[in-house]
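# Close look at the chain arrangement
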Amino acid sequence: MEGAPVDRQKRNAGGERVRWVLDPLVGVGPLRFGMSPTEVGEALGEPAPVVSSGWETYRAGGVTAIFAGGSSLVAVAIDALSGPSVRLGDVELIARAPSEVRSDLLGLARRQGVPTRVGPGGEPQVAAWGVSIGAVHEQEPASGPFGARTGRVVTDALLVGPGLAEDPYGFETVVRWRGTPWGWGGARGQIANSAERPVTSERERARWGCVPLEGVGPLRFGMGPSEVAAALGGAAPTERQGSFPDPWPWLPREAGQWFLHADVFDGVGVTAHYEYRSQVPVLGAVTVHAFTGPQVEFEGIRLIGRPVSEVDGEVDRHVGTRGVGLRVTCAGDQGPYGDNWYVRAVRAGDAMLSEVRFCAAEWWEE
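Criteria and cut-off values
- Residues numbered from 1 in each chain as written.
- Predicted model: local features only at pLDDT ≥ 70, side-chain atom pairs only at ≥ 80, totals over all residues.
- Heavy atoms only, no water.
- Core = buried A, V, L, I, M, F, W, Y, C linked by side-chain atoms within 4.5 Å.
- Buried < 20%, exposed > 50% of the residue type's maximum accessible area, 1.4 Å probe, protein only.
- Helix = DSSP H or I, 4+ residues; strand = E, 2+ residues; numbered from the N terminus.
- Polar contact = N/O pair within 3.5 Å; in protein donor to acceptor, adjacent residues only side chain to side chain.
- Pairing = 2+ DSSP bridges.

A word on the nonpolar core. Counting residues in each nonpolar core, the largest one holds 36 residues, and the members touching the most others are V228, L283, V296, L303 and F358. Only β18 (259-265), β19 (270-277), β20 (280-288), β21 (295-298), α5 (308-322), β25 (341-348) and β26 (351-359) provide two or more residues apiece to this core. With four residues, α5 is the largest single contributor of residues to this core. Residues Y58, F67, L93 and L159 belong to the second largest nonpolar core, which totals 30 residues.

Structure representation (structure tokens):
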């Protein structure tokens, strides 16, 4: 699978999103907590589902209904890209810049004397209203199978009934649904707030070149971990990521060889990813970080730390000139066919910046 289709926004006859009002802990729009799957289907004008996993996503409406015991509605997730607008008092919750929603929602909570807290992604959560705000990368509907990535982050929401209000993520079905490819806003998924991370200015970034399928900057695919560190000026990794193999039942969990997956070099702004050849780790891919990584140019295109929509547009024009087309991964990252490098998107507050993963020919980026 190379990406996932992006649903068009749900529109009414006037061309606008359908508008819903949140009645805290009671329901949202035509839905009421406690409804059965049949009642939810009728309220949304869609066939009644057979709920086998604990939730049902209504693509036409841009909402996911989550049930307790498969029979009683306890939560409604509103998709940022295709769901209805949802208003709480004078605050619009859906498809807006997260900083704006955060400011408006916290202001409303202060005026009403309602306590707030920070949810798993760094966005506001208000138990008294059963509201958990989330954030996803905005995509524009397209005539083809893929939506075009914008440079914006927009909000979605999980709205819950009284039984889940204090701890919505303590409910196993919510956790399982959120972990699926379509949980929290489609293939891109929920993205945490990175607004506080410093961004290196363009003039302060090192300048690296790249040779697709061979390497980037001083790094060449096939290097060992010590060679990678030496090529980076003797830098020590700030983090090493790896794992032990799944043990046999009678062996300790940390038995056997520890496999190195990646070395993170925060000081340089890159991550080295390793694959194994004859039980030896060798460099298989390099991610150049959006916030602090060196600037890498490819055919005159500056790839790093820019609004991702701008980079996507320039890469798209380049591959059109070459006539090679794009490869789009399941995560929505994209790059020229045959070169095996991919523009990735990283959140910076309300914006999405570009980073790139350069890969050896044998490396498969899902």
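This is not the end of the story, as more comes after the structure.
Time to look at the side chain of H273. Mapping H273 onto the fold places it in strand β19. Within polar-contact distance, the side chain of H273 engages the side chain of T287 at 2.8 Å.

In space, the five strands of this open sheet follow the order β3-β2-β1-β7-β8, with mixed pairing throughout. Sheet topology places β3 (31-32) and β8 (91-92) at the edges, where each strand pairs with a single neighbour. Across two bridges, strand β1 (residues 19-23) lies against strand β2 (residues 27-28) in antiparallel orientation. Bridging from a neighbouring strand, L22 pairs with V28 of β2.

The next point concerns unusual backbone geometry. Of note, the phi angle at E299 is positive, near 50 degrees, even though the residue is not glycine. E299 sits in the exposed class, given a relative accessible area of 61%. In this model, N340 sits at a positive phi of 55 degrees, which is unusual for a non-glycine residue. Looking at N340, the relative accessible area reads 10%, which means it is buried.

A separate point is the sheet that holds β21. Spatially, three strands are ordered β13-β21-β22 in an open sheet, and the strand pairing comes out mixed. Edge strands, defined here as strands with exactly one partner in the open sheet, are β13 (207-208) and β22 (301-302).

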